[in-house]
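# Observations on the three-dimensional arrangement
The lines below spell out each chain.
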Amino acid sequence: MTKQKAVGVLRVALGLLAVIALVVGYDRDIHTGYAVDFWFYFTNLSNLFGAYVFLAGGIAGWRGRPGVPDLLRGAAVLYLVITGLVYWALLANTINAETIKWQNYIVHGVMPLAFVLDWLLAAPAARLSYAKASRWLVYPLVYLAVSLIRGPIVKWWPYDFLDPREPGGYGHVTTWSLIVLTVFVVFMFLIAFVGNQLGSRRSSGPGSDSDSSGSGAPSSARSFSSRSA
């Protein structure tokens, strides 16, 4: 088995693990009356996106075909990293009797770590501009808007820091929203920067060669990263 196929198998396995965790979580919410609200958690939506990225990229890599573009891979890294950071920093003490611990660890721990390692070990072959990386912020901004609009209508908010009924009201919501968005921006730049640095080192390493496109990335790296992610 080639390295590319082995990575493809691992990505598919992680994608399936995320799907299983999401299905188990959704089944729990169906039985506890939160089937609709399940789809309004940033964690669940980000893990669903991450599962797609791993499954699509893994299957493509196994077949030796172009996979998920690095721009989408980077988006998944950002969303899952923020999912893990926000959970472990602000929400880890909110677990209750309905929490399925192993499922909780997968969506808040295993998947964020898996995407970080995937980004570090298979850095983007082509340089990602910060202008393109800024597109990653569209989803969290839309998510914030939907949460703040839907919340007062259904009297439910996915996270306490978005709930104006908490002490401080909308001032509390505004402050924490700005803090979280700032973290998104910082990690957007960090993820793009690290990916570009690792990608450039790979392309300039011993035995690297360039193609006619002038990308400077070795053909093996291109097939492993941006074309088979």
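Use the structure listed above.
Small disclaimer: the values here were computed from a predicted structure and weren't measured.

Of the regular secondary structure elements, the protein chain holds eight helices and zero strands. The order of helices and strands in the protein chain, counted from the N terminus, is α-α-α-α-α-α-α-α. For the protein chain, buried positions account for 44% of its 229 residues. In the protein chain, of all internal contacts separated by at least 6 residues, the share reaching a separation of at least 24 is 74%.

Tracing the sequence through the fold places D37 in the loop between α1 (3-31) and α2 (42-63). Among the polar contacts made by the side chain of D37, one reaches the side chain of R150 at a distance of 3.0 Å. Not counting residues within four places of it along the chain, the set of residues in contact with D37 comprises R150 and W156.

Mapping D163 onto the fold places it in the loop between α6 (138-154) and α7 (169-203). In this structure, D163 is in contact with W157, H172 and V173, ignoring residues within four places of it in sequence.

Another aspect to go through is helix α4 (residues 101-121). Look at α4: 28 Å from first C-alpha to last across 21 residues, which is about the 30 Å you get at 1.5 Å a residue. Maximal helix bending in α4 amounts to about 35°, located at V107. The set of residues buried in α4 consists of Q103, N104, I106, V107, H108, M111, P112, A114, F115, D118 and W119.

Conventions used here
Residues numbered from 1 in each chain as written. Predicted model: local features only at pLDDT ≥ 70, side-chain atom pairs only at ≥ 80, totals over all residues. Heavy atoms only, no water. Helix = DSSP H or I, 4+ residues; strand = E, 2+ residues; numbered from the N terminus. Buried < 20%, exposed > 50% of the residue type's maximum accessible area, 1.4 Å probe, protein only. Contact = heavy atoms within 4.5 Å. Polar contact = N/O pair within 3.5 Å; in protein donor to acceptor, adjacent residues only side chain to side chain. Expected span 1.5 Å × (residues − 1). Bend = angle between axes of the 7 residues up to and from the residue.

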